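Each chain is listed here by its residues.
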Amino acid sequence: MVTITIDHQQIAVDEQLTILEAAKEAHIEIPHLCYLRDINEIGACRVCVVELQGKDKLVTACNTVVQEGMVIYTNSPKVRYARRCNVELLLSQHDCECAYCSRSGNCSLQKISNDLGITSLPYEKKVMYTPWNQSFPLIRESNKCIKCMRCIQICDKVQNLQVWDVQNTGSRTTVNVSLNRSIEEAECSLCGQCITHCPVNALHVREDSERAFAAFNDPDKITIVQIAPAVRAAWGESLGLRREEATIEKLGDAFRRMGADYVFDTDFAADLTIMEEASEFLERLHHNKEQEMPMFTSCCPGWVRFLKSQYPDMVSHLSTSKSPHQMFGAVTKTWFAEKLGVDPSSIYNISVMPCVAKKHEIDIPVMNDSGYRDVDVVLTIREVVRMIHAEHIDVGYLQDHPLDDPLGTASGAGVIFGATGGVMEAALRSAYYFVTGENADADAFANVRGMDGWKESTFEIQGIPVRCAIVSGLGNTRRLIEAMRRKEVAYDFIEVMACPGGCSGGGGQPIHDGEELAAERADTLYHLDRNAKLRYSHENPSIHALYDEYLGKPLSELAEKLLHTDHEAWKMPHTER
């Protein structure tokens, strides 16, 4: 421990802390833009500068380690002047389109500028515009980039894909796709982590809310909204609702007020995915198809894109099961359309997802086994929050009206799909039943839970050891696959999620700069599972009805046609070139 003085407060702190971290312990907030702990500590923005007594030059708080006896001023006249100059220079190269920017009100640059009282600029504005494919799910606006390098570091250090890099020199320095490629040519997984870690709006998702509004207002469309597992743990964050208040039923009420005809729970399709995927795993395990083992989960389209671009020789290891929302789309345009007695072409499926990659997934040509496009549009949680504001819905008056049936019934096993390890745990619960005819304790497979980027566990099912691995974050995924290739590890069943923490930390989640909330959101999902009436996918009565009335049984010919896909039938854009 060392003793330092910050803004006239004497405190004792760990000698390994930076000034920024030490100030936080004293409840003193030092503004910053580029800093991400352990990821981006380069002092690029110069916004976090502070004054040290006895030193002429200001130092950056984010990467200056405390020393015994330091006297620090975080907001002296000298600091305020330098900070203001630095921010004004950033603004001189930033297109301040706050009135129609999707990050307005949640932008670190905007907040710091307001806090500094900047109302005009003493510098000439020079803003860089770079062409971009506006139909791609991930949009970059060079005119808003502040060169903080966060996107580069997240993609390199966490996701290990090197999509972004610095381009040009001097005042023309900017960030763009690496190796002078277009974004389509890059091996981008569309995980969206660069978006959620950008402090401004230089990176964001393609806005699709107007397509949803148009469908709601089309009298010839039957609009069906499905809400993903992880959404219920996060949608209220930006609306001032506590987690226990922000129920999925209230969100369903909001969509009905917007004009949705039906609101369903994607957890139903998560249960359906387990029926198919667990059955497929046991089929592979019993027939010992060595060339297809271990089996990888296929729920995460960002992970599927990663595997296809980085390890195309291993695509056969993917489960052929579609992701839950794609299964849901196929079921609504077949079985549910028949129950309604309507033409499937009149059904318009809207998926609410914590994900960016699903915006690409719905466009994959083979996702139309019903004869129609499975899902018509994907909305991130951030888009949904803006829609709620646009419709002037007071969330304090939303009601807990039940979701619609028969596709609204779901189990706790479906809920935990939104947390890393959740798919594995749900699959093991049902796989155990399929083999033994009995339910294991619902928490028997809890070893797969937790935020560790790479977890492993072995479970015995009727004397058969099942070696499992759970990995989240693509950097961790690469480490696992490389270890497999070196034959250092061996597994039977592997769950992979592209985003750290799984869908709870997804690229479509609400953005809270400097906060990582995947663990907190996952806790909410596990709480819902513990208190669910049903905790096993195979006990869902609506799933039984679907198989009894339409599909027959898991892996039946019709189930294979509607609920499974050929991952080899499409290529990543860069491989097509």
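Quick notes on the rules
- Residues numbered from 1 in each chain as written.
- Predicted model: local features only at pLDDT ≥ 70, side-chain atom pairs only at ≥ 80, totals over all residues.
- Heavy atoms only, no water.
- Domains from an automatic or database assignment.
- Helix = DSSP H or I, 4+ residues; strand = E, 2+ residues; numbered from the N terminus.
- Buried < 20%, exposed > 50% of the residue type's maximum accessible area, 1.4 Å probe, protein only.
- Pairing = 2+ DSSP bridges.
- Axes fitted to C-alpha atoms, helices over the stretch in contact; angles between N-to-C directions.
- Parallel < 35°, antiparallel > 145°, perpendicular 65-115°, else oblique.
- Left-handed = near helix turned anticlockwise from the far one by under 90°.
- Contact = heavy atoms within 4.5 Å.
- Nonpolar A, V, L, I, M, F, W, Y, C, P; charged D, E, K, R; others polar.
- Salt bridge = Lys/Arg side-chain N within 4 Å of Asp/Glu carboxyl O.
- Expected span 1.5 Å × (residues − 1).
- UniProt positions renumbered as here; feature names shortened; annotations may be inferred.
- Phe/Tyr/Trp six-rings, centres within 6.5 Å; stacked < 30°, edge-to-face > 60°.
- Polar contact = N/O pair within 3.5 Å; in protein donor to acceptor, adjacent residues only side chain to side chain.

Draft legend 1. Here's a closer look at the domain arrangement of the chain. If you check the domain split of the chain, you get domain 1 (1-126), domain 2 (136-205) and domain 3 (207-561). Between domain 1 and domain 3, the C-alpha centre-to-centre distance is 40 Å.

Draft legend 2. Region of the structure containing the environment of E29. Within the fold, E29 resides in the loop between helix 1 (19-25) and strand 3 (49-52). By relative accessible area, E29 is classed as exposed at 58%. The spacing of E29 and C48 is 19 residues in sequence and 9.7 Å in space, taken between C-alpha atoms.

Draft legend 3. Broad picture of the sheet that holds strand 12 (residues 295-296). Spatially, the four strands line up as an open sheet ordered 12-17-16-15, and their pairing is mixed. Single-partner strands in this sheet number two, and they are strand 12 and strand 15 (454-461).

Draft legend 4. Spatial organisation of the packing of helix 7 (residues 248-258) against helix 12 (residues 381-390). Interhelical geometry of helix 7 versus helix 12 gives an angle of 55 degrees and a closest axis separation of 11 Å. With respect to helix 12, the element helix 7 is oriented oblique. Our pair here, helix 7 against helix 12, has a crossing hand that is left-handed. Two secondary-structure elements touch here, helix 7 through L251, A254, F255 and M258 and helix 12 through V384, M387 and I388. Residues belonging to the contact of helix 7 with helix 12 are distributed by class as follows: seven nonpolar, no polar and no charged.

Draft legend 5. Quick peek at the sheet that holds strand 4 (residues 59-60). A sheet is described by the order of its strands in space; here five strands give the open sequence 2-1-5-3-4, paired in mixed fashion. In this open sheet, the two edge strands, each paired with only one partner strand, are strand 2 (9-13) and strand 4. Pairing of strand 3 with strand 5 (residues 71-73) involves two bridges; the strand directions are antiparallel. Note on strand 5: the bridge partner recorded for L52 is I72.

Draft legend 6. Representation of the pattern of salt bridges in the model. Scanning the model with the defined rule gives 36 salt bridges in all. K144 is the salt-bridge partner of E97, the closest N and O atoms lying 3.5 Å from each other. Of this pair, E97 sits in the loop between helix 2 (77-91) and helix 3 (108-115) while K144 sits in the loop between strand 6 (138-140) and helix 4 (150-158), placing them 47 residues apart in sequence. For the pair formed by E97 and K144, the shared burial category is buried. Three or more residues are tied together by salt bridges with common partners; here these are E425, R429, D443, R449, D529 and R535.

Draft legend 7. Representation of helix 16 (residues 518-530). Its 13 residues place the ends of helix 16 18 Å apart at the C-alpha level, agreeing with the 18 Å of an ideal helix rising 1.5 Å per residue. Within helix 16, burial applies to A518, R521, A522, T524, L525, Y526 and D529. The inward-facing, buried residues of helix 16 contact helix 13 (412-415) and helix 14 (422-436).

Draft legend 8. Summary view of the UniProt feature "domain: 4Fe-4S His(Cys)3-ligated-type" (unreviewed entry) in the chain. Under the UniProt annotation, the feature "domain: 4Fe-4S His(Cys)3-ligated-type" (unreviewed entry) is placed at residues 78-117. Helix makes up 55% of residues 78-117 and strand makes up 0%, while its end C-alpha atoms are separated by 16 Å.

Draft legend 9. Spatial organisation of the pairing of strand 3. Residues of strand 3 alternate between two faces, with V49 and E51 on one and V50 and L52 on the opposite face, all of them buried. Where strand 3 meets strand 4, two bridges bridge the pair, whose relative direction is antiparallel. Bridging across to strand 4, V49 finds its partner in T60. With antiparallel pairing between neighbouring strands as the criterion, strand 3 and strand 4 make up a hairpin whose turn holds six residues, including G54 at a positive phi of roughly 95 degrees.

Draft legend 10. Up close: the pairing of strand 1 (residues 2-6). When you tally the buried positions in strand 1, you get four out of five residues, the bulk of the element. Relative to strand 2, strand 1 runs antiparallel, the two sharing five bridges. Pairing of I6 across the sheet is with Q9, part of strand 2. In this antiparallel pair of consecutive strands, strand 1 and strand 2, the connection spans two residues, and D7 shows a positive phi of 45 degrees. Where strand 1 and strand 5 come together, two bridges link them in parallel fashion.

Draft legend 11. Up close: the packing of aromatic side chains. Applying the stated criterion to the full structure yields 13 aromatic pairs. Where Y262 meets F336, the ring centres are 5.3 Å apart and the plane angle is 90 degrees; that geometry is what we call edge-to-face. A residue pair is termed long-range when its members are at least 10 positions apart, and Y262 in strand 11 (residues 262-265) and F336 in helix 10 (residues 324-340) qualify at 74 residues. The class for F336 is buried, based on a relative accessible area of 3%. Taking the centre distance of 5.7 Å and the plane angle of 55 degrees together, the rings of F264 and F328 count as tilted. Here the residue F264 occupies a position in strand 11, and F328 occupies one in helix 10, the gap between them amounting to 64 residues. Exposure remark for F264: the relative accessible area of 0% places this residue in the buried category. Three or more aromatic residues link up through ring pairs in this structure, and these residues are Y262, F264, F328 and F336.

Draft legend 12. Structural view of the side chain of N201. Residue placement: N201 occurs in the loop between helix 5 (193-196) and strand 9 (203-205). Within polar-contact distance, the side chain of N201 engages the side chain of S102 at 3.0 Å. Discounting chain neighbours no more than four positions away, the residues touching N201 are C101, S102, R103, E141 and K144.

Draft legend 13. Highlighting unusual backbone geometry. Residue D405 is joined to P406 through a cis peptide bond whose omega torsion reads 5 degrees. Mapped onto the secondary structure, P406 falls in the loop between helix 12 and helix 13. Unusually for a residue other than glycine, Q462 sits at a positive phi of about 50 degrees. Structurally, Q462 can be placed in the loop between strand 15 and strand 16 (464-472). The backbone of K487 shows a phi angle near 65 degrees, a positive value even though the residue is not glycine. Structurally, K487 can be placed in the loop between helix 15 (474-485) and strand 17 (493-497).

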